[in-house]
Number of protein chains: 2
Amino acid sequence: MPKEVNYNYAFVFYDVNEKRVNKVFKICKKYFKHHQKSVFRGNITPANLIKLRAEIKKIIDEREDFVSIIKLMSENSFREETLGVNANNSESLII
Amino acid sequence: MPKEVNYNYAFVFYDVNEKRVNKVFKICKKYFKHHQKSVFRGNITPANLIKLRAEIKKIIDEREDFVSIIKLMSENSFREETLGVNANNSESLII
């Protein structure tokens, strides 16, 4: 188990019924600049993470919908490789 | 920029045309045990990551499809919170 640390970066992805998916999308869009389909990501303060979670919790049906929040210490905690259309926005690949 | 380190854990998500999406799904399933919709995750060796990437690259149309591989040092590099139907499989939340 990781020690208690501050998480200041997050990925959020979800599988939410179409009746509610736009609302969840709009909530996430308030907190994150960047998204691909239903995967949001970006810097977020611990305080905003609590707000985000509370807003999502109000909207979703917990028996049917699913939301995952992956918390990281910073954007240096991971490295991204992309393939395809958005590849120029990120690390380029030499295979 | 992070230093050169070994990444042994990955998240993979994609936005791939439906003509090819099943093939990408099947490739990812060979390398990862766990997935939700089009988000795969799990421990993966650097060698397998190279193989995964090469297999995906053969299938996708890079002008139309998009695949993101988020590499982490280990599963201790992040912490997950889930809301909704699969919440019991992960860290429970007290809000």
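Conventions we followed
- Residues numbered from 1 in each chain as written.
- Chains lettered and ligands numbered in written order.
- Predicted model: local features only at pLDDT ≥ 70, side-chain atom pairs only at ≥ 80, totals over all residues.
- Heavy atoms only, no water.
- Helix = DSSP H or I, 4+ residues; strand = E, 2+ residues; numbered from the N terminus.
- Expected span 1.5 Å × (residues − 1).
- Buried < 20%, exposed > 50% of the residue type's maximum accessible area, 1.4 Å probe, protein only.
- Arc of directions from axis to C-beta.
- Contact = heavy atoms within 4.5 Å.
- Axes fitted to C-alpha atoms, helices over the stretch in contact; angles between N-to-C directions.
- Parallel < 35°, antiparallel > 145°, perpendicular 65-115°, else oblique.
- Nonpolar A, V, L, I, M, F, W, Y, C, P; charged D, E, K, R; others polar.
- Least-squares fit on C-alpha atoms with pLDDT ≥ 70 in both.
- UniProt positions renumbered as here; feature names shortened; annotations may be inferred.
- Phe/Tyr/Trp six-rings, centres within 6.5 Å; stacked < 30°, edge-to-face > 60°.
- Pairing = 2+ DSSP bridges.

### Considering helix H2 (residues 46–59) of chain B
Helix length check: H2(B), at 14 residues, gives a terminal C-alpha distance of 20 Å against a target of 20 Å (1.5 Å per residue), a fit within 8%. Within H2(B), burial applies to Leu49(B), Leu52(B), Arg53(B) and Ile56(B). With its buried residues spanning 95 degrees around the axis, H2(B) presents them on a single face. For H2(B), the secondary structure elements touched by its buried residues are strand E5 (78–84) of chain A together with strand E1 (9–15), helix H1 (18–31) and strand E4 (66–72) of chain B.

### Points about the packing of helix H1 (residues 18–31) of chain A against helix H2 (residues 46–59) of chain A
Residue and element names in this part refer to chain A. Between H1 and H2, the shortest axis-to-axis distance is 10 Å and the interhelical angle comes to 170 degrees. The angle between H1 and H2 places the two elements in the roughly antiparallel class. In contact with Arg-20, Lys-23, Val-24, Ile-27, Cys-28, Lys-30 and Tyr-31 of H1, H2 contributes Asn-48, Lys-51, Leu-52, Glu-55, Ile-56 and Ile-59. Residues that form the contact of H1 with H2 fall into these classes: seven nonpolar, one polar and five charged.

### Brief notes about the relation of the copies chain B and chain A
The operation relating chain B to chain A is a screw motion whose rotation component is 180 degrees, with 0.0 Å of axial translation and a residual RMSD of 0.0 Å. Between the two chains, the operation in question is that of a two-fold axis. Every residue of chain B has its C-alpha some distance from the rotation axis, and the shortest such distance is that of Ser77(B), at 3.3 Å. Take the interface residues of chain B: 100% of them recur as interface residues in chain A, which is what a same-surface contact looks like.

### Examining the UniProt feature "binding site: Mg(2+)" (unreviewed entry) in chain A
Taking the numbering used here, the UniProt-annotated feature "binding site: Mg(2+)" (unreviewed entry) corresponds to Asp15(A). The topology assignment puts Asp15(A) in strand E1 (residues 9–15). On the basis of relative accessible area, Asp15(A) is assigned to the partly exposed category, the value being 34%. When residues no more than four places from it in sequence are discounted, the contact partners of Asp15(A) are Glu64(A), Asp65(A), Phe66(A) and Lys37(B).

### A word on the packing of aromatic side chains
One pass over the full model with this rule turns up twelve aromatic pairs over all chains. Their ring planes at 45 degrees and their centres at 5.3 Å tell us that Tyr9(A) and Phe78(A) sit as a pair that is tilted. Placement of the pair is Tyr9(A) in strand E1 and Phe78(A) in strand E5, with a sequence separation of 69 residues. Owing to a relative accessible area of 8%, Phe78(A) belongs among the buried residues under this scheme. Both rings, one in Phe25(B) and one in Phe40(B), keep their centres 5.3 Å apart while their planes meet at 65 degrees; by these two values the pair is edge-to-face. One end of the pair, Phe25(B), is in helix H1; the other, Phe40(B), is in strand E3 (residues 39–43), and 15 residues separate them in sequence. Taken together through their ring pairs, the aromatic side chains of Tyr14(A), Phe25(A), Phe32(A) and Phe40(A) make up a single cluster.

### Some thoughts on the sheet that holds E1(B)
Taken in spatial order, the five strands line up as E5(A)-E4(B)-E1(B)-E3(B)-E2(B) in an open sheet, and their pairing is antiparallel. Two strands in the sheet have a free side with no partner beyond their single neighbour: E5 of chain A together with strand E2 (34–36) of chain B. Strand-to-strand twist across the sheet, computed as the mean angle between neighbouring axes with direction ignored, equals 15 degrees. As paired elements, E5(A) and E4(B) share seven bridges and run antiparallel to each other. Across the sheet, Arg79(A) pairs through a bridge with Lys71(B), a residue of E4(B).

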